Amino acid sequence: MKYVDEYRDGALARAVASAIRAEADPARTYRFMEFCGGHTHAIARYGLEDLLPANVRMIHGPGCPVCVLPVSRVDAAIRLASQPGVTLATYGDLMRVPGSKGMSLQKAKAVGADIRMVYSTLDALRIAEQEPGREVVFFAIGFETTTPPTAVALRMAETKRLGNFSVFCNHVMTPAAMRAILTTPDGVPLDGFVGPAHVSTVIGTAPYAFCAAEFGRPVVIAGFEPLDVMQAVLMLVRQVNAGRCAVENQYARAVTPEGNRKAQALVAELFELRDAFEWRGLGVLPNSALKLRPSFARFDAEARFGVETLTAADNPACDCGAILRGMKRPPDCRLFGRTCTPENPIGACMVSSEGACAAHWTYGRFREPVRAVPIEGVLP
Amino acid sequence: MCLAVPAEVTELLADDMARVSLDGVTKTISVALLDEVAVGDYVILHVGHALARIDAEEARRTLALLAEVGR
Ligand code: SF4
């Protein structure tokens, strides 16, 4: 496929790997966090860690919207979907995300809730148009990539004067999560970030400037193909070696410094910051998520249906929190590959194919033996 | 969830919609988030919406840089 295959050339990847090996200082360690699950997936799928020298380590970050959605919001969506007359429209990835007490949208659907998987926000809108007797709620999640499509649907709902469409908004923001990672007191030591690909097509490169300016960590925005990631790692190694820290853009074919202004303007028109929002694994972060502006309150499912977000704890045996902060690796979790597999996910990192646990299960688990850890007393 | 794929715009439709081809598979998507999309443009397609245009010149430059590293 054009603009895909060119960036998957194995011989070239090995050549970039030798450049990294030649330039990485053997006397030091380089720890780079790939923020996005898309990068985690590419790294696992193409075995990129095997191409890197032992002193260049990739640390998985929290950048998978499915993984960072807390149990409490999943529970709230299930309660919403269980109300009479409500149809909950959702992206397929969300169906199996564990809520509390072993519940998920998939299980709620099995016992009668009207939950429909959609590919696009416009599909959700179409359901609302075609079934005026039902209250269609779009369960919106995602980083800055999925927010503009939600905004487009809301704008259309307004134009079409749809009275039975609303949005349960869970849109979160990348820079806030990066700041949280950098300020966690017991956080992992990092030498730089492989910055988001598609998020950056929307927000541009400027919002990462604080990583370099305030925290002295370089950021290289990278595409999701294996060569993109390898080139970004090389660019990070070079910055570290030169004692520089800047925001650089490897993914210039799709990302511009200013981003997608049209999308930004639309999002700013419809959404405003929430004071605080809970993230799975990162806790409650200030100014890290969006809600609908008061002028769009009639489309806000939270206001319309009195959605309450009740605190709910993660499964205590699940290490997702530590994995999302880069503190642990999937095989460090006692449940990994035992009770927790993609067929039966216990934690969110196992649900989406971009989650660190799912990526490691699918592509990485044969590279290292699963540790023999006693598991008594931790089964859910 | 944030994965997206390059798609070639093959036809512009009413209401900010367009038809795109993904390696031969045709899809109808929204181009409401981009200005002045033209037939033949490659866009980054995500959950049914075009998020960005792919810049052919920058794509070529990235490949040239990679090739240089590879030498
Ligand atoms: S293996 Fe499962 S339970 Fe353990 S951290 Fe990963 S997702 Fe959570």
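Here the structure is a predicted model, which is why all the values come from computation and not from measurement.

Reading guide: rules and limits
Residues numbered from 1 in each chain as written. Chains lettered and ligands numbered in written order. Predicted model: local features only at pLDDT ≥ 70, side-chain atom pairs only at ≥ 80, totals over all residues. Heavy atoms only, no water. Contact = heavy atoms within 4.5 Å. Buried area = accessible area lost by both parts, 1.4 Å probe. Salt bridge = Lys/Arg side-chain N within 4 Å of Asp/Glu carboxyl O. pLDDT = per-residue confidence, 0-100. Pairing = 2+ DSSP bridges. Helix = DSSP H or I, 4+ residues; strand = E, 2+ residues; numbered from the N terminus. Axes fitted to C-alpha atoms, helices over the stretch in contact; angles between N-to-C directions. Left-handed = near helix turned anticlockwise from the far one by under 90°. Nonpolar A, V, L, I, M, F, W, Y, C, P; charged D, E, K, R; others polar. Phe/Tyr/Trp six-rings, centres within 6.5 Å; stacked < 30°, edge-to-face > 60°. Buried < 20%, exposed > 50% of the residue type's maximum accessible area, 1.4 Å probe, protein only. Right-handed = clockwise from strand over helix to strand, strands pointing away.

S.K.: Explain the interface of chain B and chain A here, please?
M.R.: Quoted interface sizes are often the accessible area lost when the parts come together. Residue-level contacts link 35 residues of chain B with 43 residues of chain A. Together chain B and chain A conceal approximately 3,500 Å² of surface at their shared face, both sides included; 70% is due to carbon and sulfur atoms. Inspection of the chain B/chain A interface yields one salt bridge. A salt bridge links Asp 35 of chain B to Lys 262 of chain A; its shortest N-O distance comes to 3.2 Å.

S.K.: What's the story with the confidence of the model for chain A in this structure? I'm lost.
M.R.: As a general rule, the predicted coordinates of low-pLDDT regions are not to be interpreted in detail. The predicted model of chain A averages 92 in pLDDT, with 96% of residues at 70 or higher. This model gives residues 369-380 of chain A a pLDDT under 50, and the stretch forms 17 contacts once residues within four places in sequence are excluded.

S.K.: Is there a simple way to explain the pairing of strand E1 (residues 5-13) of chain B in this structure?
M.R.: Moving residue by residue along a regular strand, the side chains alternate between the two faces of the sheet. Residue and element names in this part refer to chain B. Pairing geometry for E1 and strand E4 (residues 42-46), over four bridges, is antiparallel. Note that in E4 the partner of Pro 6 across the bridge is Ile 44. Bridging between E1 and strand E2 (residues 17-22) involves five bridges; their strand directions are antiparallel. Considered in E2, the bridge of Glu 8 is made with Ser 21. Two successive antiparallel strands, E1 and E2, enclose a turn made up of three residues, where Asp 15 displays a positive phi of approximately 55°.

S.K.: Mind showing me how you'd approach the packing of helix H8 (residues 147-159) of chain A against helix H13 (residues 261-270) of chain A here?
M.R.: In helix packing, the relevant descriptors are the interaxial angle and the interaxial distance, both defined with respect to the helix axes. All names here are of chain A. Two elements in contact, H8 and H13, have axes whose closest approach is 9 Å; the angle formed by their N-to-C orientations is 60°. Considering only the axes of H8 and H13, their crossing is left-handed. Of H13, the residues touching H8 (which contributes Thr 147, Pro 148, Ala 151, Val 152, Leu 154 and Arg 155) are Ala 263, Leu 266, Val 267, Glu 269 and Leu 270. Here the contact of H8 with H13 is composed, by residue class, of eight nonpolar, one polar and two charged.

S.K.: Is there a simple way to think about the packing of aromatic side chains in this case?
M.R.: The relation between two aromatic rings is expressed through the spacing of the ring centres and the mutual angle of the planes. Residue and element names in this part refer to chain A. Within the structure shown, the criterion is met by nine aromatic pairs over all chains. Consider the rings of Tyr 91 and Phe 138, whose centres lie 5.3 Å apart with planes at 85°: the pair is edge-to-face. Taken together, the residues span a long stretch of sequence, with Tyr 91 in strand E3 (residues 86-91) and Phe 138 in strand E5 (residues 135-142) at a distance of 47 residues. A centroid spacing of 6.2 Å and a plane angle of 80° characterise the contact between Phe 210 and Phe 215, whose relative ring orientation is edge-to-face. One aromatic cluster in this structure is built from Phe 35, Phe 143 and Trp 279.

S.K.: Would you mind showing me how to read the pairing of strand E6 (residues 165-171) of chain A here?
M.R.: Residues and elements named next belong to chain A. For E6, a buried count of seven out of seven residues is recorded, marking the element as mostly surrounded by other parts of the structure. Alternating residues of E6 divide into Phe 165, Val 167, Cys 169 and His 171 and Ser 166, Phe 168 and Asn 170, and every residue in both groups is buried. Of the strand pairs in this sheet, E5 and E6 are connected by seven bridges, and their pairing is parallel. In the strand pairing of E6, Val 137 is matched with Ser 166. Handedness of the E5-H8-E6 crossover: right-handed.

S.K.: Help me understand helix H16 (residues 356-364) of chain A, please; the structure alone is not making it clear to me.
M.R.: Within an α-helix, residues lying three or four positions from one another point in the same direction, as the helix has 3.6 residues per turn. Counted residue by residue, H16 of chain A has seven buried out of nine residues, so it is predominantly covered. Taken residue by residue, H16 of chain A has Ala 356, Cys 357, Ala 358, Ala 359, His 360, Trp 361 and Gly 364 of chain A as its buried positions.

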